[in-house]
Amino acid sequence: MTITFDVTDRPLPSSVSRAARIGDDVTVLLNAHVVDPESGTSGSLSDVWLQAGQISRITPAGSEPGMGSVLDLKGRFVAPGLMDAHVHLAFDGGDDPKGTYQGSSDEQIVAQIVANARIALRAGTTTVRDCGTPRHLLAPMRAALGMASDVATVVHCGAPICRVGGHGHDLGGEVRTRHDVETIIAEQHAAGASWIKLMASGGGFTPGTSPAVFEFDPTLLREAVVIAGSYGMRTAAHAHASSSMAACIEAGVHSLEHASMLGPDEQCAPDRDLLRRAADAGIHIVPTVISADIVSRQLREGHQVLSNPQDRNAVARLESRFTNVTRFLHSGVSIVAGTDAGPAHVTFDLIASELERYVDAGLAAQHALKSATCEAADMLGLEAQVGRIRPGLWADLIVTAADPMQDISTLATPLGVLKRGLLIANKYAQ
Ligand SMILES: [Zn+2]
């Protein structure tokens, strides 16, 4: 069977998408420009062969007869599936995510998690890292996600670890002692987490915390990184305060989330030395710009979408995230894309918008694409599975009308998405 794209660059014909090629094991992508974000090339026309969910080989277009199911891309572009390294699947990104979450049963929250992972995949995000979920739901959410083939692959952090009363403490990750840290890390490892999230500063959703303050015992922070490492787990640190970023760099975390560079006066104070130290240590920064855009706009319009009266400078804090991306770029630190999906109106289909903001901030489109593909895979420890189009890697792919390294906006309307070789009906193919 051959599926062809309409020559007018519209998404899959509706008859095809209604038959929902979900479950159709596409075996060859014909006539594709293969986008390689690492080298910056999109090559001459090729045929991409898929087998058992993996990329098996890439041959010059037409050099071998197609067999099995084929998808003729007619010169369109195929790029590695996108990765969103910072989402909160337990929140719905609706009008009142916290209220909805608090009013939902565990079963409803798990159903929401699966729905969000499905939305992400249909938008071209084939992998997400969940950066904070209720502690008792880690195992059930993994089980539910494992039942679905049309959802993004989820890398789990489980419940974030925080001080008593710290940011996100209602998710169940408060620690007082080393024993507490050992217990929660062992438990979350057993339940399937491969990362540990550490709340190194306060945040906009938790009264009683301050984003401008380093809110973690420095000894416990270092111990948490070591204990997580003993299980082969990596660590991500929510860090608005510069003091919290400095402590996390010293402790050896793998990624800094938001990296707002807040001074004790709650003002953003760019710190080149801090960024250079992060770059030298090989630490990645996940900027989460699009959520800051959306949340700050709502705050300016008078909608109380945050819930922490101590977060007095929230709008400026959020708006600095965009300008900070330029600073990250100039420091040479590794930037990995993340949207922070989950808060009010920050939905799970925004990875392309996040990348567009990186380009607005000065990144080349190729660099922005790397931040959501090969560089993200390297950070997540998934470089042997995803992030590049190479034989032996999973066939997690996105099909676009234009070359995303020339026009990043083409990622916002993918013509097709493949997850482990399965063609998923995407949101633009209704
Ligand atoms: Zn977050």
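What counts and how
Residues numbered from 1 in each chain as written. Predicted model: local features only at pLDDT ≥ 70, side-chain atom pairs only at ≥ 80, totals over all residues. Heavy atoms only, no water. Helix = DSSP H or I, 4+ residues; strand = E, 2+ residues; numbered from the N terminus. Buried < 20%, exposed > 50% of the residue type's maximum accessible area, 1.4 Å probe, protein only. Contact = heavy atoms within 4.5 Å. Areas by Shrake-Rupley, 256 points an atom, 1.4 Å probe, with all protein chains shown as cover. Lys, Arg positive; Asp, Glu negative; His and termini not counted. Charge placed at Lys NZ, Arg CZ, Asp CG, Glu CD. Phe/Tyr/Trp six-rings, centres within 6.5 Å; stacked < 30°, edge-to-face > 60°. Domains from an automatic or database assignment. Buried area = accessible area lost by both parts, 1.4 Å probe. Polar contact = N/O pair within 3.5 Å; in protein donor to acceptor, adjacent residues only side chain to side chain. Donors = N, O, S within 2.8 Å, 3.2 Å for Na, K, Ca; no water. Pairing = 2+ DSSP bridges. Axes fitted to C-alpha atoms, helices over the stretch in contact; angles between N-to-C directions. Salt bridge = Lys/Arg side-chain N within 4 Å of Asp/Glu carboxyl O. Right-handed = clockwise from strand over helix to strand, strands pointing away.

If you tally the helices and strands in the protein, you get 13 helices and 17 strands. The principal-axis extents of the C-alpha atoms in the protein amount to approximately 65 × 45 × 45 Å. Buried positions account for 58% of the 430 residues belonging to the protein. For the protein, contacts bridging at least 24 residues in sequence account for 72% of all contacts bridging at least 6. With an accessible surface of roughly 15500 Å², the protein has 51% of that area assigned to carbon and sulfur atoms. In the protein, 34 positive and 47 negative side-chain charges are present, and the distance between their average locations comes to 1 Å.

A few words on the packing of aromatic side chains. Taken as a whole and assessed by the stated rule, the structure comprises 1 aromatic pair. Aromatic pair F91 and Y101: ring centres 5.0 Å apart, planes at 50°, arrangement tilted. Placement of the pair is F91 in the loop between β7 (82-87) and α2 (97-102) and Y101 in helix α2, with a sequence separation of 10 residues. Considered together, F91 and Y101 belong to a single accessibility category, that of buried residues.

Another point: the domain arrangement of the protein. In terms of domain boundaries, the protein breaks down into domain 1 (2-80 + 388-424) and domain 2 (82-349). Distance from the C-alpha centre of domain 1 to the C-alpha centre of domain 2: 32 Å. With 14 residues of domain 1 in contact, the opposing surface of domain 2 contributes 12 residues. Where domain 1 abuts domain 2, roughly 900 Å² becomes buried across the two surfaces, and 66% of that area is made up of carbon and sulfur atoms. Considering only the surface of domain 1 that becomes buried against domain 2, V417, K419 and I424 emerge as the three largest contributors, covering 46% of it. Where domain 1 touches domain 2, the interface holds 2 residue pairs in polar contact (both at pLDDT 80 or more). The element best represented in the side of domain 1 that touches domain 2 is strand β16 (residues 416-419), accounting for 3 residues.

Quick look at the environment of W195 now. The topology assignment puts W195 in strand β10 (residues 195-199). When the C-alpha positions of W195 and G158 are compared, they lie 7.7 Å apart, and in sequence the two are 37 residues distant.

So, on to the coordination of the zinc ion. Coordination sphere of the zinc ion, protein contribution only: H86 (NE2), H88 (NE2) and D340 (OD), at 2.0 to 2.3 Å. Each donor residue of the zinc ion belongs to the same chain, with the gaps between them written as H-x1-H-x251-D. In this pair, H88 is assigned in the loop between β7 and α2 and D340 in the loop between β14 (334-335) and α11 (351-360), connecting sequence segments 252 residues apart. Neither residue differs from the other here; H88 and D340 are each classed as buried.

Okay, the sheet that holds β14 next. Reading across the sheet, the 5 strands line up as β10-β11-β12-β13-β14 and stay open at both edges, with parallel pairing between neighbours. A single partner strand is all that each edge strand has here, and the edge strands are β10 and β14. Bridging between strand β13 (residues 284-286) and β14 involves 2 bridges; their strand directions are parallel. Paired with I285 across the strands is I335, a residue of β14. Those strands touched by helix α10 (residues 314-331) are β11 (234-241), β12 (255-262), β13 and β14, and its axis lies near 110° from that of β12.

Here we come to the pattern of salt bridges. Going through the model one piece at a time under the given rule, you end up with 18 salt bridges. In this structure, R178 and E182 form a salt bridge, with 2.9 Å as the shortest nitrogen-oxygen distance. Highlighted residues: R178 and E182, both in helix α5 (residues 178-190), separated by 4 residues, approximately one helical turn. Residue E182 is classed as partly exposed on the basis of its relative accessible area of 32%. A salt bridge links E319 to R300, with the shortest nitrogen-to-oxygen separation between them at 2.7 Å.

This part is about the environment of R321. Among the structural elements, R321 can be located in helix α10. Not counting residues within four places of it along the chain, the set of residues in contact with R321 comprises H240, H258, S260, P287, T288, V289, S291, A292 and D340. A distance of 2.9 Å separates a polar side-chain atom of R321 from the backbone oxygen of T288.

On to the pairing of β11, then. A regular strand places its side chains so that they alternate between the two faces of the sheet. Where burial is concerned, most of β11 is hidden: 7 out of the 8 residues are buried. One ladder, built from 5 bridges, connects β10 with β11; its direction is parallel. Looking at β11, one finds that I196 is bridged to T235. The handedness of the β10 to β11 crossover, carried by helix α6 (residues 218-230), is right-handed. For the handedness criterion, the β-α-β arrangement of β11, helix α7 (residues 242-251) and β12 is classed as right-handed.

It is worth spelling out the sheet that holds strand β8 (residues 125-130) at this point. Taken together, the 3 strands give an open sheet; going across it, the order is β7-β8-β9, and neighbouring strands pair in parallel fashion. Each edge of the open sheet carries a strand with a single partner, namely β7 and β9 (153-156). In this sheet, neighbouring strand axes are inclined to one another by 20° on average, regardless of whether the strands run parallel or antiparallel. Of the pairings in the sheet, the one linking β8 to β9 comprises 4 bridges and is parallel in character. Each residue of the ladder has a partner; that of R129, found in β9, is V155.

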